[in-house]
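If you want the building blocks of each chain, they are given just below.
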Amino acid sequence: MQALHQEILPPSGVEYATTLKLTPSTLTEAATPSTSTSHGQSSPGALYNIVVARANILRVFEVREDPAPISPQLEDERQRRADVRRGTEAVEGEVEMDGQGEGFVNMGSVKFTGPKDARSPPTVIRFYFIREHRLHGTVTGLESVRIMSSSEDRLDRLLVSFKDAKIALLEWSAAVHDLITVSIHTYERAPQLLSLDTALFKSELRTDPSSRCAALSLPKDALAILPFYQSQADLDVMEQDFRTRDVPYSPSFVLDLAAEVDERIRNVVDFVFLPGFNNPTIAVLFQAQQTWTGRLKEFKDTMAVYIFTLDLVSRTYPVITKVEGLPYDCLSLLPCSAALGGVVVLASNAVIHVDQATRRVALPVNGWSPRVSDMPTLPMPAGARELRLEGARIAFVDQRTLFVVLVDGTIIPVEFVVDGKVVSRLVIGAALAQTAAPAVVREAHGEHLFVGSTVGPSVLLRTASVEEPLTNADGTDASGPAAVVDANNAMDLDDDDDIYGTSSPDPMPSASAAPSVKTRTVIHLSLCDSLPAYGPISDLAFALAKNGDRFVPELIAATGSGLLGGFTLFQRDLPTRTKRKLHAIGGARGVWSLPVRTAIKVNGVPYDRPANPFHAENDSLVLGTDAIPSPGFSRFGTRTPKGDITITTRVQGVTVGAAPFFQGTAILHVMSNAIRVLEPDGTERQIIKDMEGNNQRPKIKYSSICDPFVFILREDDTIGLFIGESERGKIRRKDMSPMGEKTSRYIAGSFFTDSTGIFKTRANENADAANGETQPTTSTLQAAMNAGQKTQWLMLCRPQGVVEIWTLPKLNLAFSTTAVASLQSLLIDSYDPPALSLPQDPPRKPQELDIDQIIIAPLGETTPQPHLLVFLRCGLLAVYRALPAEPSSEPIPPARTSTLAVKFVKMASRAFEIQQPEEQETTALAEHRRISRQLIPFVTSPAPDKTLSGVFLTGDHPSWILQTDKAGVRVIPSGHAVVHAFTATSLWESKGDFLLYSDEGPTLLEWMPDVDFNMDLPSWHVPRGRSYTHVLFEPTTCLVVGASLMQAQFSSYDEEGNELWAPDAPNVSYPMCECSALELFNPDGFIAMDGYEFANNEFVNSLACVALETLSTESGHKNFIAVGTTINRGEDLAVKGATYVFEIVEVVPDPAFSMKRIFKLRLRCRDEAKGPVTAVCGIDGYLVSSMGQKIFVRAFDLDERLVGVAFLDVGVYVTTMRSLKNLLLIGDVVKSIWFVAFQEDPYKLTILAKDPQSVCITAADFFFADQQLSIVTCDEEGVVRVYGYDPHSPDSNNGQRLLCRTEFHGQIEYRSSVTIARRMKGEDMIAPQAKLICGHPDGSLTALVPVDEASFKRLHLLQGQLTRNVQHTAGLNPRAFRIVRNDYVSKPLSRGILDGRLLLSFEDLPLTRQSEITRQIGTERATVLHDFTELSGSW
């Protein structure tokens, strides 16, 4: 059986991070906050870049300093004051109004509300997403490096190391707005990697602070050294015998530390480069003689730190410092600054500073340090908190202050007290704040600290140094805190919306302070921003969720760890709920919601007061149109006080488009045969019938309205342009002669308004009549009043695929390209003159690859950026981001007066399965059924402090196209079968409402609250303050049961109950062990109803919902909750276990409780076992449980006890069990997978087949499709194997062996999986196919989908072409990444599973490249896309 392995969600969290100047935006001299208050204005530059990675995903962010947001309370206050129109004196925090009280904003006199002595407006530091890549490899390190070319462009380069001993050098290309690969260095064939235990080794990447070389740790205590050139002198010295001089590095080499540096260097723990040396200098932490806690009497203080230099020319490595006798539990190294010198060694119980003179200063953090080490330490301060440094990360925030981030996220400052040039002592401070558990801590930009976490959000902290006076006159008082939390910013991950931002005020010298007052530097800590993440997935379960009154499937994942633990809920479609049905308005062919208001007349001339820029007006009118009854019908409606719609005006005819006009004082109404200007009440002011002489033109099929311009596109592909005259309040036709012949044909077009300033033209000095304009301006009155920096543009698409952008109001061609039609990755101006698109005879028929819709619309959250969206008739959607283009070296042809300095970079693409109607019917019923696919921009505020700009795609694949600050472009299904019309509306006083006409009719919708769009699936996080190891959904009661995991103090006792050991010092505590509790939740809000606490030394191994035989129901079966546990009894006693059976029962609710139905967990049975119960499941009404090396099948007798009926001796330790009818899969930690059958007469477990190899199984599942059954397993190295049971095969040894058909490297193991039914559309199946959803410890979510033979052959050939003919990020090999080493077969068993991550890159290729690749494998592009889109999808 063949299958497709696809990634539904990428890994979550940050494991590796580096800060660098990667993109040109970080070099902007004005990398300061913009003072513009326009919503769309972005900051001129970024402070720096942060590149983060987890497993296979690499993301690039910019860190920018933006103006502090204006709180909703201030906006409401401004609106209230503007409405009453009294007093023009500006209140604090508010911009000043003009003296006439007309509400014009005086942007030149903004009052600053910060501290009186501050020198700049309040700002906030934010992350902004730039790029992400899904790599064909596992990242094990990120570092920044500078090479020779960095002196020219002033940009850093990125080094990435991978699990299979590779280093990739990447740099940023401004031309393609992406990372490109400079080189790839592989060491996977080095002798050190040929040993069998290399899978247990984790490589570390380090770079020299002066970028002279990089080092990658290899097994067997070796380093791979990659030298870099920094100047021409380096090139001349090191390249005497090396011929190629166009590379930034010299040949790398492998350094064997024991053989070439010092023979004692063995069992390397960590290594770092030290700053301030003429040659690259490395400090290495190692353990020559290994030991452990039980052998401390024989070997103690076995760690050592050696410091040696690298002479890259002579290849000599002298050791300059040797420090031995360090504690055996040292964990890591951190280099100190050149001024401080030496390294910091982090041990489990102490922080140690070692300098180059071998002086050691150790600060103990608990009472265990003198018990495990004889090294002299500083006295532990009285009353100090006991700390545990396992899993902690450390980083310097200034030269003498170190932050220790503990495993629970607590931040502890450690201050270095220096006597002359020698560190005399270390002083530990009180805990400052708490973040997520750290995986990486990096200092950035001098005063920022990035804490990356794999189990929760990663945070960016500001560590501002402030000079504070000492209270002691002699300056010896150093007992004060070295760091404090900034009072202006609480360390709360959710509180980042303070108007004063997260900046700390710069210290100003006090005029009254005496010069003799001594000061000390204190670090002020504050929260800047965070990257959302949910952490590892422990277990999965599907539940039935209710969005409003609509039931949808929801995936519940137990995620996070410790205080950040809880549940994350995923849905496939964007969750919405219906607020009301609006049948009165209709709208099957279109619906529009319009804000209009009555104009004020001064001396008979319409004069409008401009809108308040801080408070948008609500809509006041809604318009819906239908095709039946013929010739169509349009209705204008308003909202009644009760919230219903009342129809005010009815008009015969189909509406094509409508929008507010003349600054919102009129309505521009485009019908299929006329353009009308309407008064706010719907009465007609002007009508222009679309006639040519006395002849009726073809019907108008599309319109675009951008005050004061109107664009129409007719069914014969001709266009019309109109312009409004605000003085007359009417419209007129606009001259289109610069665009070519009047009869020219166009297939798409639209207006767009740029408010970001990105769209700017450069005049052509060689033009015949250069106008000299650098930016087109509008000459109309309303544009002059409200446009500001906004510019208006017209985009047209001709039938041959030429896309042109014209300036307005004077029509000049500014941009032309033919690359849009083939969806190229980069669109730039081709400098072509206006193309010819004359009518053809016979008339041209629509083509599959024609552009159906093309618009430019803002996408984003805080600072929306213009994006180009293209939708082809064949169902391909591409999203491009508009970016400023560098001046081209090519001369502009004289025929062009100007060029648009913009390029478009493809950010996302998606293929939809489109069914085109075969025949064109013209009846009214056919017009009513016709599916209209349009791209409709919208702006919504789902919460008062959140605004999103996006685009909605209507049609038979309705989708939301969104982008947030911290994620790329997302295309999220809406969940409707078809959507005919869509509009955002505020008619009901809410900025988060949408009006759409779907298969359910016209409805008013809103998004479900608190939805997170930063993941590939819409999600919610339910924080519970503790982690959960198991979760399940009980279908009869629709409740959720979870097993939580907590820490408890452990104490062991003898047979008489006497405690064997108790803490004998105040800073020595009991050890901790894991304990569990069972909790019962209502999935609506996750309110805990009931629970069951296990003993302090008992934790849950397995949780299952099983159907057992019972006499209490008519059917004879009932669902019970089965639990298998482990009872931990210390090192000297073997563990025990127990099997629990719970029943969920309904009880009488408490009248004071808000819930109408209350359920409880009732313990029916507890059966103690002699070993841990590691797996439970149900089979044919019986309970199957494991105990040690045995499997037991038991009946539930009288609902109160378990009676054994069968057993089986299995392997060493059972890890998983799955049942299907009377078949059972048993996974073992050593003995791989067993396939067993159960029979009842007589009771017996029979071994059908098993795998003869030794594999550690973490999960096993049945996998079936088309009446074929396979077994899918995963081992601890992430290898997915597909087994077949075939007794007729000679290789199966008469059916005793399972046949391994396929081996596929899945990157990381999974321990939780859910099998769901996959039903194909339009096919009659006896049984549905199985689709496997797997949750991984790195937070990723993958699926395994069955593939039929014909599709598999095509996609397998395509996979081979993509591997060979497409350039992959970092130069990685996708095929080698998925191959599994197997010494028992002659060739890898890699054919049965397709790599969905590799196949997904086919969608991103240009159409020409897609056709070329599919032609080589003898198939069609559309056929391959059909195969892949049919298999894709979450569930």
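On a predicted model such as this, the values are computed, not experimentally measured, just so you know. (Residues numbered from 1 in each chain as written. Predicted model: local features only at pLDDT ≥ 70, side-chain atom pairs only at ≥ 80, totals over all residues. Heavy atoms only, no water.)

Caption draft 1: Geometry of the sheet that holds strand β89 (residues 1279–1284). Pairing within the open sheet is antiparallel, and its 4 strands lie in the order β87-β88-β89-β90. The open sheet has two edge strands with one neighbour each: β87 (1257–1265) and β90 (1299–1305). Looking at each pair of strands side by side, their axes are set apart by 20° on average, direction ignored. Summarising the sheet, strand β88 (residues 1268–1275) and β89 pair through 4 bridges and their orientation is antiparallel. Among the inter-strand pairings, threonine 1273 is bridged to a residue of β89, identified as arginine 1281. (Pairing = 2+ DSSP bridges. Helix = DSSP H or I, 4+ residues; strand = E, 2+ residues; numbered from the N terminus. Axes fitted to C-alpha atoms, helices over the stretch in contact; angles between N-to-C directions.)

Caption draft 2: Broad picture of the nonpolar core. By size, the foremost hydrophobic cluster in this structure holds 68 residues, and its most contacted members are Phe759, Ile851, Ile854 and Phe904. With near-sequence residues (within four places) excluded, isoleucine 854 lies in contact with Ala748, Gly749, Ser750, Met795, Cys797, Val803, Val820, Leu868, Leu869 and Val870. (Core = buried A, V, L, I, M, F, W, Y, C linked by side-chain atoms within 4.5 Å. Buried < 20%, exposed > 50% of the residue type's maximum accessible area, 1.4 Å probe, protein only. Contact = heavy atoms within 4.5 Å.)

Caption draft 3: Here's a closer look at the packing of aromatic side chains. If you walk through the whole model with that rule in mind, you get 46 aromatic pairs. Taken together, a centroid distance of 5.5 Å and an interplanar angle of 90° make the contact between phenylalanine 938 and tryptophan 960 edge-to-face. Of this pair, phenylalanine 938 sits in strand β63 (residues 935–943) while tryptophan 960 sits in strand β65 (residues 959–963), and the two are 22 residues apart along the sequence. As far as burial versus exposure is concerned, phenylalanine 938 and tryptophan 960 are alike and both buried. Feature note: the residues Phe938, Phe952, Trp960, Phe982, Phe994, Trp1007 and Phe1013 constitute an aromatic cluster, connected by ring pairs. Across the ring face of tyrosine 128, the terminal group of arginine 64 is positioned such that the distance to the ring centre comes to 4.1 Å. (Phe/Tyr/Trp six-rings, centres within 6.5 Å; stacked < 30°, edge-to-face > 60°. Lys NZ or Arg CZ within 6 Å of the ring centre and 35° of its normal.)

Caption draft 4: A look at the side chain of glutamine 1361. Structurally, glutamine 1361 can be placed in helix α8 (residues 1349–1365). Given the relative accessible area of 10%, glutamine 1361 is considered buried. Setting aside residues no more than four positions away along its own chain, glutamine 1361 makes contact with Val1366, Ile1413, Gln1416 and Ile1417.

Caption draft 5: Here's a closer look at helix α10 (residues 1396–1404). Counting buried residues along α10, 7 of its 9 residues qualify, which places the element largely inside the surrounding structure. Of the residues making up α10, those classed as buried are Gly1396, Arg1397, Leu1398, Leu1399, Ser1401, Phe1402 and Glu1403. By the N-cap criterion, in which a side-chain oxygen at the helix start approaches the backbone nitrogen of a residue two or three places on, α10 is capped by aspartate 1395, the distance to arginine 1397 being 3.2 Å. (Polar contact = N/O pair within 3.5 Å; in protein donor to acceptor, adjacent residues only side chain to side chain.)

Caption draft 6: Region of the structure containing a negative patch on the surface. Residues Glu913, Asp1266, Asp1348, Glu1349 and Glu1430 make up a contiguous surface patch of negative charge. Residue classification places glutamate 1349 among the partly exposed residues on the basis of a relative accessible area of 39%. (Patch = residues over 30% accessible without salt bridge, like charges linked within 9 Å, V, L, I, M, F, W, Y side chains within 5 Å. Areas by Shrake-Rupley, 256 points an atom, 1.4 Å probe, with all protein chains shown as cover. Salt bridge = Lys/Arg side-chain N within 4 Å of Asp/Glu carboxyl O. Lys, Arg positive; Asp, Glu negative; His and termini not counted. Charge placed at Lys NZ, Arg CZ, Asp CG, Glu CD.)

Caption draft 7: Expanded view of the environment of alanine 258. Relative to the helices and strands, alanine 258 resides in helix α4 (residues 257–260). You can call alanine 258 partly exposed: its relative accessible area is 27%. Ignoring anything within four residues of it in the chain, the contact list for alanine 258 reads Asp221, Glu263 and Ile265.

Caption draft 8: Up close: α8. Taking 1.5 Å per residue, 17 residues should reach 24 Å; α8 reaches 24 Å between its end C-alpha atoms and fits that length. Where α8 starts, the residue carrying a side-chain oxygen 3.3 Å from the main-chain nitrogen of alanine 1350 turns out to be aspartate 1348. (Expected span 1.5 Å × (residues − 1).)

Caption draft 9: Spotlight on the side chain of histidine 976. Secondary-structure assignment places histidine 976 in the loop between β66 (969–973) and β67 (979–985). Among the residues examined, histidine 976 registers a relative accessible area of 10% and is labelled buried. A polar contact is formed between the side chain of histidine 976 and the side chain of serine 974, at a distance of 3.1 Å.

Caption draft 10: The arrangement of the sheet that holds strand β64 (residues 946–953) in detail. Here 4 strands make up an open sheet; going across it, the order is β63-β64-β65-β66 and the pairing antiparallel. With partners counted over all chains shown, the strands left at the sheet margins are β63 and β66, one partner each. The average angle at which neighbouring strand axes cross in this sheet is 30°, direction not considered. Looking at chain direction, β63 and β64 are connected through 7 bridges and run antiparallel. Paired with alanine 943 across the strands is lysine 946, a residue of β64.

Caption draft 11: Expanded view of the packing of α10 against helix α12 (residues 1421–1431). For the pair α10 and α12, the least separation of the axes is 11 Å and the interaxial angle reads 135°. One way to sum up the angle between α10 and α12 is to call them oblique. Between α10 and α12 lies a crossing whose hand is left-handed. Contacts between α10 and α12 involve Gly1396, Leu1399, Leu1400, Phe1402 and Glu1403 on the former and, on the latter, Arg1421, Val1424, Leu1425, Phe1428 and Thr1429. The residue makeup of the contact of α10 with α12, split by class, is 6 nonpolar, 2 polar and 2 charged. (Parallel < 35°, antiparallel > 145°, perpendicular 65-115°, else oblique. Left-handed = near helix turned anticlockwise from the far one by under 90°. Nonpolar A, V, L, I, M, F, W, Y, C, P; charged D, E, K, R; others polar.)

Caption draft 12: Local environment of the pattern of salt bridges. The tally for this structure, following the rule as stated, stands at 61 salt bridges. When the shortest N-O distance is used, the salt bridge between arginine 212 and aspartate 208 registers 2.7 Å. Taking relative accessible area as the criterion, arginine 212 reaches 16% and is therefore assigned buried. Taking relative accessible area as the criterion, aspartate 208 reaches 1% and is therefore assigned buried. Residues joined by salt bridges that share partners form a network here, namely Glu7, Glu132, Arg134, Arg970, Asp1016 and Arg1397.

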